[in-house]
Amino acid sequence: MKEYISSVEKRQVYVNQMFARIAPRYDLVTRVLSYGADMKWKRNLVEKAEIEPDHHVLDLACGTGDIAFLLAAKITCGQVVGVDITPGMLEIAEKRRQALGVDSICFEQGDILRLRHPDDRFDRITTGYGVRNVPYIPGLLREVFRLLKPGGRFLSLDFGKPPSRFYRFIYLNYLLLVGSAMGLLLHGDPDVYRYIPESLKFYPGQVELEAMMKTTGFVETGHVNLLGGAIAINFGKKPLGSLLLAENMSRRTENLKEADA
């Protein structure tokens, strides 16, 4: 596992395969690991997003749609687009959408590092546990910056790195032990959910992520610690006068895509 998640080239393949495998039980595991607090944190994220009725919102790594549905409840004449790379997650999200009769959401499959939406498209971009799972965080932040309208805001909910080293030790070992037990119980493989604490070893955490957002060009950045910093919400705004900066960012993104190709 360490070989795959420490590698930019191999990590996405590992993550894709893992989420395809756990999709049917993803919501159950999330609720159990958080003792039911997961939906409270997601509602907190949506409240901080300050959604207007006519907003167009992009939810990255949308999974089974929890955050997308919370966003849609705030919208009357706008739209929510949920993007995920795992078909199994999107199938569950679409079934939920149809059952609830929600017309203001559309779900689509895509790589959140390379989306086909035009520049300056969205008023808000959100993600729950998405930043930690991408192989190259600066690339994601550049893509988010490109897609946001000037004045638009980005908000990310994810596991964090508690400032207390002792608490961090307890928290990581809790994830390791409980995650391994659930992986063994549900999938016959303790490594399935051990990915979470392992991935945190390579995740910069809320403080460094805020610094990376500033480097990308975001303003009014900050973060809110939840559960003593074990969970955090990072946020930032694309400046109003950033049209030229966005054009330059878009050109750099296209160059990176061509280089990757």
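Further up the page is the structure itself.
Okay, so let's go over this structure. Since this is a predicted model, take the numbers as computed values, not measurements.

1. Examining unusual backbone geometry
Then, in step 1: Even without a glycine there, the phi angle at Tyr129 is positive, about 65°.
Then, in step 2: If you trace the backbone, Tyr129 turns up in the loop between β4 (122-128) and α7 (137-147).
Then, in step 3: Accessibility expressed as a relative area gives 7% for Tyr129, which makes it buried.
Then, in step 4: At Glu220, a position not held by glycine, the phi torsion is positive, near 50°.
Then, in step 5: Positionally, Glu220 belongs in strand β6 (residues 219-226).
Then, in step 6: Assessed through its relative accessible area of 57%, Glu220 is described here as exposed.

2. Digging into the sheet that holds β6
Then, in step 1: One open sheet holds the 7 strands; their spatial order is β3-β2-β1-β4-β5-β7-β6, and the pairing between them is mixed. A strand with exactly one partner marks an edge of an open sheet, and here the two such strands are β3 (105-109) and β6. Here the average twist between neighbouring strands, direction ignored, is 15°.
Then, in step 2: Examined bridge by bridge, strand β2 (residues 79-84) and β3 share 5 bridges and lie parallel to one another. Bridge pairing in β3 places Val80 opposite Ile105.
Then, in step 3: The sheet contacts of helix α6 (residues 87-100) involve β2 and β3, and relative to β3 the element is tilted by about 165°.

Calculation criteria
Residues numbered from 1 in each chain as written. Predicted model: local features only at pLDDT ≥ 70, side-chain atom pairs only at ≥ 80, totals over all residues. Heavy atoms only, no water. Helix = DSSP H or I, 4+ residues; strand = E, 2+ residues; numbered from the N terminus. Buried < 20%, exposed > 50% of the residue type's maximum accessible area, 1.4 Å probe, protein only. Pairing = 2+ DSSP bridges. Axes fitted to C-alpha atoms, helices over the stretch in contact; angles between N-to-C directions. Contact = heavy atoms within 4.5 Å.

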